[in-house]
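# Structural description and commentary
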Amino acid sequence: MKLKRALLLAVVAIAAVLAGCEPLTVLNPKGPQAEVQANDIMMSIWLMSGIVIVVFAMLAYMLIKYRSSKQAKDYEPPHIEGNKWVEAVCVGIPVLIVAYLSFVSVQSNYKVEATPPGYEDKEPLVVYASSSNWKWHFSYPEENIETVNYLYIPTDRALEFKLYSFGPITSFWIPQLGGQKYAMADMVTTLHLAADHPGEFMGRNANFSGKGFAENTFDVTAMSPVEFEEWVDEVHQTADPITEEKFEELLEPGHLGKMTFTGTHLDFSPAPEGHEHHQSNDEDSEENHENHDEHEGHSDHSGH
Amino acid sequence: MKIDHSLPLEYSTDENRLKILGFWIFLGAEVMLFATLFASYFILSGGTGDGPSGAEIFEITPVLIETLVLLTSSFTIGLMVHAMRLGRQKAMMGFFIATIVLGAIFLGVEIYEFVHYVHVGAGLQTSAFSAILLTTLGTHGAHVTFGLFWGICILIQVKKYGLTPRTTNKSFIFSLYWHFLDVVWIFIFSFVYLKGMM
Amino acid sequence: MEFFERFAIPHPSPAIYASMVAIAVVSIAIVVGLTYFKKWGYLWREWLTTVDHKRLGIMYIIAAILMLFRGGADAIMMRAQLSAPENKLLDAQHYNEIFTTHGVVMILFMAMPFIIGFMNFVVPLQIGARDVAFPRLNALSFWLFFAGAMLFNISFVVGGSPDAGWTSYFPLADNEFSTSVGTNYYMIAIQIAGLGTLATGINFLTTILKMRAPGMTLMKMPMFTWSALITNVIIVFAFPVLTVALAMGTLDRLFGTHFFASTNGGMDMLWANLFWVWGHPEVYILILPAFGIYSEVISTFARRNLYGYKSMVASMVIISLLSFVVWVHHFFTMGQGAFVNSIFSITTMAIAVPTGVKIFNWLLTLYKGKIVMTTPMLYSMLFIPLFTLGGVTGVMLGMSAADYQYHNTMFLVAHFHMVIIPGVVFAMLAALYYYWPKMFGFMLNDRLGKIGAWIIAIGTLVAFMPMFISGLDGQARRMYTYSEASGFGIWNMISMVGALMLAAGFALIVYNIYYSFRHAPRDIGSDPWDARTLEWATHTPIPEYNFATMPKIDTYETFWDSKKKGTTLFPDKIEKIHMPNNSGIPFIMGIIFFLWGFSFVFAMWIPLIICTLGIFACMAYQSFENDHGRYISIEEIEETEKELGGKR
């Protein structure tokens, strides 16, 4: 009977996920990419709950029905080798489930790796997001602005984040707008996001990067295009330009508050673009490399 | 110990057969080891940083000498096993010694080659390419070096005890090891040197 | 003095000083105790120099249990630190060191030796062999593992613990960001233990392929032996990858190369790839033998043959193949694009199919059975539901687009604990209870055992289910603290309660061992569970030669058939038995390897060269030693057999 209690607990825990009083961050999307992911997550939770229930029910049935205390003393369990049809079902149903999930997963993969639908009419806003121990630097080349540890974004445009790192591998993550992606020192990765509505969101580095990792967060504010334009103008009127010395100072390990500059560090410390490798897997690394050879040799602008 | 006389001496006892199978499995692990090194080499071969690339530092002469010497040693170790099966201890030891001498020559040339690389500015710390090159070659070279000492140990035992199930077993396993190193070298020759020089 | 400064802890705390004192006191107590009770000779003759697979197995298991408590202490500290927002119990650096050592210790120095320990103890018995193929190599494997484990464990009192996570991603693990010698310990201790594991893999493959009793074809092998066979194939093919990765990491840290650096052409993603090309198969190295244990236990206590033997074998083979082609799912977020992610997403989810087959086969083994709920069986029955929860969340993680949200969060942490604890730890505990009578000649108390099983199972749920929730709420893993406003507090507090329950459950197991040692009856016979496979056909205690004569196998449950149908299992006459001699060389090599590793960690080159020469000297000695083993005479065997209850 204790088993039932354990099962009950599990069910309660799942229910808490599904129906928690306030929606969990990841399941409360504010952008199209996060919505794709939240839908996938919810769909898979329901499907998996079904599997869990089937297994639990089968187990409970077997344990109740075939306990030795319920059977005659001289009962000898039969020898059963296996049955082709039963085993075919045991293989077939999981195959169908996995096939369905693969189908959904592959579609979502292409969705989250592209400009979200409904945003194609305007050029995406490109933001270079680079991490250093333990800060985030956001460069807006188009607006000619650089911020530290906070991010202002307009709601009407798709966002294209160019991610890289001055130091350990980090992961750029704004859960309510979409999933994360790594920022690395020797290449630039691209993350496509968009915000549907104005609001304030939590953003952070999700990948462990040393002592200051826990506090390696940033604030995200999505605002209407008009407000965004106003902010850009205001920055140009009030903020100081970023200089190479100032930027070197910012890169020193430690934590900083929010900062705003005009200009971007990309002018004097460009992103490690140009050899944007596709992740080399052992098998296809050879052909990958042929393409990158000509780009090598200018890769050491990561440290200080 | 039961000796099965229908089989060659090196296979004649249970223990010997276990050892030979075990060694084959070990070679399977070695294949993975070198496969990983090769994969890493291919990935990092473009990562020359500020250092030279393969085409700039490879020299054909020492590589050809190494290849020739090692291939010959693989042949002599084959003759060693043949002589051993015929029970001709003297000839067997002669071929064994020839193999070890050739191995030593190979090693000497390889050391020369390493000195050359460091000399032209491709040391261990120069770039990812130079590091993986020296590591891959060095791993093979270390295997050869280990093989030389191991081979000498076996040779002494053959001299001391003659061709017994134990010594023939050891010699046979050594020949497997040596052939394997030769195969690895052929891969190094084709995919590191030839590809690098083209 | 300058020489000794390198051994200082870079980041000391009272807890570490207390540990130093405790280690010193315990070491002195052991030495004094051994001297006082005059046990040095016994220890040397019977244990340190042994090449007997049964004793090595027991030593592995003891080491694993010790490491379980070391890793468990780390876990409790972590959960305590996180139990409340903005807690000040540990600072960031300590927290980082603790979760790093927790991961390494639990995977490599707890789960691995636990599994290899049972493989050592059980596999030769299950296939009717007298020992493994290379008994001395087996002893060397153990001592290499032990040297590696001890080297890793002294890191926190000498020089500092590794602090870059158990995955040790570069460039974080490089000198620039990981400044203490901690990560050197990681690279070198795992290297040494890994060599031992590789040797185990070769040894057991040879043993299982060549030393089975007459008549035992591959498809008549017990399921645990099958799982061991496949596991060892994975070991042989996966561990060399780790060897290379660790060697390159060591070169980067100690010789200034740039394999994984972001300058001079290095590539940090290469480490991640190599690590997981080993790391994912490693997960199956852990789980497959556990599946083997469950197959034995469930079939024994359902009093029925295992359902779908062939599909069980096939599913393990498929899992082992798939395990090598899924590693990218550990970093879907590295930017390799939708196509690559899709492929690895599909291969990952495909693993659910053979795993599901196994779950259904176990359930169908219960069908029409006569289920006896002993402690090992209870663990197995708790494994099925809990592992299913862990397994289905694994499928969810396999959907790469959604993984962008799960990755690096507590959801992932919850998932792998929900598969590893019910999957591996429950299996090892089930095996501990199941094989205890065979190992030590008395049974562990069933009532205490079941209470412990329930506490551990509920503790697992309480500790890890909340992490699914806090993960979806945005709590990243490896954060040493979080704000009150984040709302993670309540979930972490619940986790803390679960962690304490787990600790209580494990403490109860220790108490049970003590209690049963004092009170359990010793006249339990050689087959107390009424089991089905060959290991129960030997006497208890097991004579050193295991079987006086070779068993003759005709079905896959020959021992069960011999009990039910009265067929003869041992038809042959007793002959003299060849056994290997004990040897001190493996133990001595273990010590030299420990010193070698220690010198390497601190870049002390002269001692390192001396140790290297010592290792080669040991190998040469081994090569020249003319030790042909010894024979046990017929009279001696007959006498032993009579004493233990006659020839079966």
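Residues numbered from 1 in each chain as written. Chains lettered and ligands numbered in written order. Predicted model: local features only at pLDDT ≥ 70, side-chain atom pairs only at ≥ 80, totals over all residues. Heavy atoms only, no water.

What follows covers the overall build of chain C. Tallying secondary structure elements over chain C gives 21 helices and two strands in all. The C-alpha radius of gyration of chain C comes to 25 Å, within 12% of the 26 Å expected for a compact globule of 648 residues. Based on the C-alpha atoms only, the size of chain C along its principal axes is roughly 70 × 60 × 50 Å. For chain C, with 648 residues in total, the buried portion stands at 69%. Of the roughly 20600 Å² that chain C leaves accessible, carbon and sulfur atoms contribute 69%. (Helix = DSSP H or I, 4+ residues; strand = E, 2+ residues; numbered from the N terminus. Rg over C-alpha atoms; globule rule 2.2 N^0.38 Å. Buried < 20%, exposed > 50% of the residue type's maximum accessible area, 1.4 Å probe, protein only. Areas by Shrake-Rupley, 256 points an atom, 1.4 Å probe, with all protein chains shown as cover.)

Residues and elements named next belong to chain B. According to UniProt, the "transmembrane region" (unreviewed entry) feature falls on residues 21-43, 63-81, 93-112, 132-156 and 176-194. Each end of residues 21-43 is marked by a C-alpha atom, and these two atoms are 33 Å apart; helix forms 100% of the span and strand 0%. Strand forms 0% of residues 176-194 and helix 100%; the C-alpha atoms that close the span are 26 Å apart. (UniProt positions renumbered as here; feature names shortened; annotations may be inferred.)

The description of two aromatic rings rests on the distance between their centres and on the angle between their planes. Residues and elements named next belong to chain C. Counted by the stated rule, this structure contains 103 aromatic pairs over all chains. A centroid spacing of 4.6 Å and a plane angle of 70° characterise the contact between Phe-7 and Phe-602, whose relative ring orientation is edge-to-face. In this pair, Phe-7 sits in the loop between helix H1 (2-5) and helix H2 (14-36) while Phe-602 sits in the loop between helix H19 (585-601) and helix H20 (605-624), placing the two residues 595 residues apart along the sequence. For the pair shown, Phe-7 and Phe-602 are each scored as buried. Note that Arg-532 overlies the ring of Trp-560, its terminal NZ or CZ placed 4.0 Å from the centroid. (Phe/Tyr/Trp six-rings, centres within 6.5 Å; stacked < 30°, edge-to-face > 60°. Lys NZ or Arg CZ within 6 Å of the ring centre and 35° of its normal.)

Tallying the contact residues gives 102 residues for chain A and 101 residues for chain C. Each partner contributes to the roughly 8700 Å² buried at the junction of chain A and chain C, and carbon and sulfur atoms together form 69% of this total. Seen at the junction of chain A and chain C, the total is one salt bridge. Of the charged contacts in the structure, one is a salt bridge between Lys-564 of chain C and Glu-76 of chain A, with a shortest N-O distance of 3.9 Å. One can count 31 residue pairs in polar contact (both at pLDDT 80 or more) joining chain A with chain C. Listed by contribution, the elements that provide at least two residues to the side of chain A that touches chain C are helix H1 (2-19), helix H2 (32-65), helix H3 (84-112), strand E6 (170-174), strand E7 (178-183) and strand E9 (199-205) of chain A. Residue classes in the side of chain A that touches chain C are distributed as 55 nonpolar, 30 polar and 17 charged. (Contact = heavy atoms within 4.5 Å. Buried area = accessible area lost by both parts, 1.4 Å probe. Salt bridge = Lys/Arg side-chain N within 4 Å of Asp/Glu carboxyl O. Polar contact = N/O pair within 3.5 Å; in protein donor to acceptor, adjacent residues only side chain to side chain. Nonpolar A, V, L, I, M, F, W, Y, C, P; charged D, E, K, R; others polar.)

So, about the sheet that holds strand E1 (residues 125-132) of chain A. Residues and elements named next belong to chain A. Strand order in the open sheet made by the seven strands is E8-E5-E1-E2-E3-E12-E11, with mixed pairing throughout. In this open sheet, the two strands that pair with only one neighbour each are strand E8 (189-193) and strand E11 (240-241). In the sheet, strand E5 (residues 159-166) pairs with E8 via five bridges, with the strands oriented antiparallel. Looking at the pairing, Lys-162 lines up with Thr-190 of E8. Strands in contact with helix H5 (residues 244-251) are E1, strand E2 (135-140), strand E3 (145-148), E5 and strand E12 (259-262); relative to E2, the strand with the most contacts, it is inclined by about 145°. (Pairing = 2+ DSSP bridges. Axes fitted to C-alpha atoms, helices over the stretch in contact; angles between N-to-C directions.)

A word on the sheet that holds E6 of chain A. All names here are of chain A. Reading across the sheet, the five strands line up as E4-E10-E9-E6-E7 and stay open at both edges, with mixed pairing between neighbours. Each edge of the sheet is formed by a strand with only one pairing partner; in this case those strands are strand E4 (150-154) and E7. Looking at each pair of strands side by side, their axes are set apart by 20° on average, direction ignored. Where E4 and strand E10 (residues 217-223) come together, five bridges link them in parallel fashion. Residue Ile-153 lies in a different strand from E10, and its bridge partner there is Ala-222. With respect to the sheet, helix H4 (residues 225-238) is in contact with E4 and E10, its orientation differing from that of E4 by roughly 130°.

Moving on: the packing of H2 of chain A against helix H12 (residues 352-366) of chain C. Axis separation between H2 of chain A and H12 of chain C bottoms out at 9 Å; the angle between their running directions is 20°. Put simply, H2 of chain A runs roughly parallel to H12 of chain C. Between H2 of chain A and H12 of chain C the crossing geometry is left-handed. Packed against H2 of chain A, whose contacting residues are Val-55, Met-58, Leu-59, Met-62 and Leu-63 of chain A, the element H12 of chain C presents Ile-359, Phe-360, Leu-363, Leu-364 and Leu-366 of chain C at the interface. Residues that form the contact of H2 of chain A with H12 of chain C fall into these classes: ten nonpolar, no polar and no charged. (Parallel < 35°, antiparallel > 145°, perpendicular 65-115°, else oblique. Left-handed = near helix turned anticlockwise from the far one by under 90°.)

Residue and element names in this part refer to chain A. Burial runs high along E1: seven of the eight residues are buried. Alignment of E1 against E5, held across eight bridges, turns out to be parallel. Considered in E5, the bridge of Ala-129 is made with Leu-163. Pairing analysis gives five bridges linking E1 to E2, with the strands arranged antiparallel. When the sheet's bridge partners are listed, Ala-129 is paired in E2 with Phe-138. What sits between E1 and E2 in their antiparallel hairpin is a turn of two residues.

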